[in-house]
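Take a look at the letters that make up each chain.
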Amino acid sequence: MTLHFYFARRFAMMFLSILGVFALFLSLLDLVEQLRQFGDSASFGQVTWVTVLKLPGGIYEILPLVMILATAALFLLLARSSELVVVRAAGRSGLVALAGPVAVALVISGLTVAILNPLVAATSKRASDLTESYESHGASVVSIGREGLWLRQGGEDGQVVIHAERANPDATVLYDTSFLAYAPDGGPERRIVAAEAWLDTGAWVLSDAKEWQLLPGENPEVSAQSHTEMRLPSTLTQDDIRDRFGQPSAVAIWDLPAFINGLEEAGFSARRYEVWLQMELARPVFLVAMVLVAAGFTMRPARLGRTGLYVLGAVLMGFGLYYVRNFAQIMGENGQLPPVLAAWIPPVASLLLALGLVLQMEDG
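The structure presented is a predicted model; accordingly, all values stated were derived computationally and were not measured.

Chemist: Please clarify how the overall build of the protein should be interpreted in this entry.
Modeler: Along the backbone of the protein there are ten helices and six strands. A total of 364 residues make up the protein; the buried ones form 44% of that total. Long-range contacts, defined here as pairs at least 24 residues apart, represent 64% of the contacts in the protein between residues at least 6 apart. Entry remark: accessible area of the protein is about 18,300 Å², with carbon and sulfur atoms responsible for 62%.

Chemist: What should I look at first to understand the nonpolar core in this one?
Modeler: Within soluble globular proteins, side chains that are nonpolar generally end up buried alongside one another. Grouped together as the largest cluster of nonpolar side chains are 59 residues, with contacts concentrated most on F11, F15, L63, M67, F75, L98 and L292. Residue assignment for this core shows that the elements contributing at least two residues are α1 (2-38), α2 (44-80), α3 (83-89), α5 (99-135), α7 (256-265), α8 (271-298), α9 (307-333) and α10 (339-363). Core analysis: the next-biggest nonpolar cluster, separate from the first, contains 19 residues, L149, A164, W204 and L206 among them.

Chemist: Help me understand the packing of α8 against α9 in this model?
Modeler: For any two helices packed against each other, the geometry comes down to the angle between their axes and how far apart the axes lie. At a closest axis distance of 10 Å, the pairing of α8 and α9 adopts a crossing angle of 165°. Classified by the interaxial angle, the pair formed by α8 and α9 is roughly antiparallel. Our pair here, α8 against α9, has a crossing hand that is right-handed. Residues R271, R272, V275, W276, M279, R283, F286, M290, V293, A294, F297 and T298 of α8 touch α9, and the partners they reach there are Y310, V311, G313, A314, M317, G318, L321, Y322, R325, Q329, G332 and E333. Across the contact of α8 with α9, the residue classes tally to 14 nonpolar, five polar and five charged.

Chemist: What exactly am I supposed to notice about the pattern of salt bridges here?
Modeler: If the charged atoms of two oppositely charged side chains come close together, the side chains can form a pair. Across all of its chains, the model carries five salt bridges by this definition. Between E221 and K210 there is a salt bridge, with the nearest N and O atoms lying 3.0 Å from each other. One end of the pair, E221, is in the loop between β5 (203-213) and β6 (225-233); the other, K210, is in strand β5, and eleven residues separate them in sequence.

Chemist: What's the story with the packing of aromatic side chains in this structure? I'm lost.
Modeler: Describing an aromatic ring pair means giving the distance of the ring centres and the angle of the ring planes. Counted by the stated rule, this structure contains five aromatic pairs. Measuring from ring centre to ring centre gives 6.0 Å for F179 and W204, while their planes differ by 65°; the resulting arrangement is edge-to-face. Here F179 is found in strand β3 (residues 173-182), whereas its partner W204 is found in strand β5, with 25 residues between them in sequence.

Chemist: Can you walk me through the packing of α2 against α9 in this structure?
Modeler: Here α2 crosses α9 at 155°, and the two axes come no closer than 10 Å. Taken together, the axes of α2 and α9 are roughly antiparallel relative to one another. The handedness of the crossing between α2 and α9 is right-handed. Across from E61, P64, L65, I68, L69 and L76 in α2, the residues of α9 making contact are T307, V311, A314, V315, G318, F319 and Y322.

Chemist: Help me out: how do you make sense of the environment of F75 in this one?
Modeler: Relative to the assigned elements, F75 resides in helix α2. Along the backbone, F75 and A294 are 219 residues apart, and their C-alpha atoms lie at a distance of 8.8 Å. With residues up to four places along the chain from it excluded, the contact list for F75 reads L84, L98, P101, A295, T298 and M299.

Chemist: Sorry if this is basic, but what is going on with a nonpolar patch on the surface here?
Modeler: On the surface, a nonpolar cluster with roughly 210 Å² of combined accessible area is contributed by L95, L355 and L359. Topologically, L359 is positioned in helix α10.

Chemist: Any chance you could explain α2 here in plain terms?
Modeler: The periodicity of an α-helix, 3.6 residues per turn, causes residues three or four places apart in sequence to face the same way. In a regular helix each residue adds 1.5 Å, so 37 residues correspond to 54 Å; α2 covers only 46 Å between its end C-alpha atoms and thus falls short of that length. When the local axis directions of α2 are compared, the greatest deviation, roughly 55°, occurs at I62, which is followed within four positions by the proline P64. Immediately beyond the C-terminal end of α2, within one or two residues, lies S82, with a positive phi of roughly 65°.

Quick notes on the rules
Residues numbered from 1 in each chain as written. Predicted model: local features only at pLDDT ≥ 70, side-chain atom pairs only at ≥ 80, totals over all residues. Heavy atoms only, no water. Helix = DSSP H or I, 4+ residues; strand = E, 2+ residues; numbered from the N terminus. Buried < 20%, exposed > 50% of the residue type's maximum accessible area, 1.4 Å probe, protein only. Contact = heavy atoms within 4.5 Å. Areas by Shrake-Rupley, 256 points an atom, 1.4 Å probe, with all protein chains shown as cover. Core = buried A, V, L, I, M, F, W, Y, C linked by side-chain atoms within 4.5 Å. Axes fitted to C-alpha atoms, helices over the stretch in contact; angles between N-to-C directions. Parallel < 35°, antiparallel > 145°, perpendicular 65-115°, else oblique. Left-handed = near helix turned anticlockwise from the far one by under 90°. Nonpolar A, V, L, I, M, F, W, Y, C, P; charged D, E, K, R; others polar. Salt bridge = Lys/Arg side-chain N within 4 Å of Asp/Glu carboxyl O. Phe/Tyr/Trp six-rings, centres within 6.5 Å; stacked < 30°, edge-to-face > 60°. Patch = residues over 30% accessible without salt bridge, like charges linked within 9 Å, V, L, I, M, F, W, Y side chains within 5 Å. Expected span 1.5 Å × (residues − 1). Bend = angle between axes of the 7 residues up to and from the residue.

Structural data, given as structure tokens:
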């Protein structure tokens, strides 16, 4: 156990050191990019705050690369100091020496999914809101797409399709909007047109609205009613609307199951979010595979030479597995693979391939 703790501590320190270097590098690059993007529309303090908010998301994306580099650096140092030779001479195989780093990788990946994932979701939302605000010079109204904004909400009384020409950045205030309500059996029930609608607690508040009842065999204009203000019940919240127009990564993993159910109840396709949920659950397996890939290339005596070539091979193989994982994600989002298979097959295959590589390099 002393040996395992020693390797685990060395790997954790190496991981944190490389992660810190990459975090600093990403921050400087993103700060320069944000300064170029905002120009004079935001102060240096505001740009710095946006950069800080985007940093967790950047770190989250490069974790596989950091895992590879940390493992490679660790075993290169152990090889140069002949510690691996001593371990093998003591009757311990290289595979047993990986127990400590693999355990640390599992702990790091578990904390990443459980803690860093919700943090990334929260900070990315805030960074997106601030970016939109600064780019529009503080204006509260923006145009969303050529055809405006489309929403759909569902409930026990049926579904409502919402269309607006314009909206505020949160999509909680709609302008030149129309509401088409459908009965539970699927037929249109009524249509409402309003100059403005904003989301209140549990309802849309419409101003300058006109309502038509779409009854079979009757002229809707005869029974049309005008309202200075009216309320239309809604199951949507501000977070629901904002998340519908963001990436799946903008929803914390703890909220994803309920969010997926809400999308399906409202008639939206939740496939993208289902694939993302499964991929986040499979992330620890993929990160452990990255550790084994790097170990397979670098757990060799330093006297054999060509160290740089083997490190390059580990990085290229890691990028290749990462590409396959993203390709499977796209296939899952397009419906060509079930979400579970699209999310779990690449990490499990990567783990088995990396394990085979370690055994081949260790025992020949």
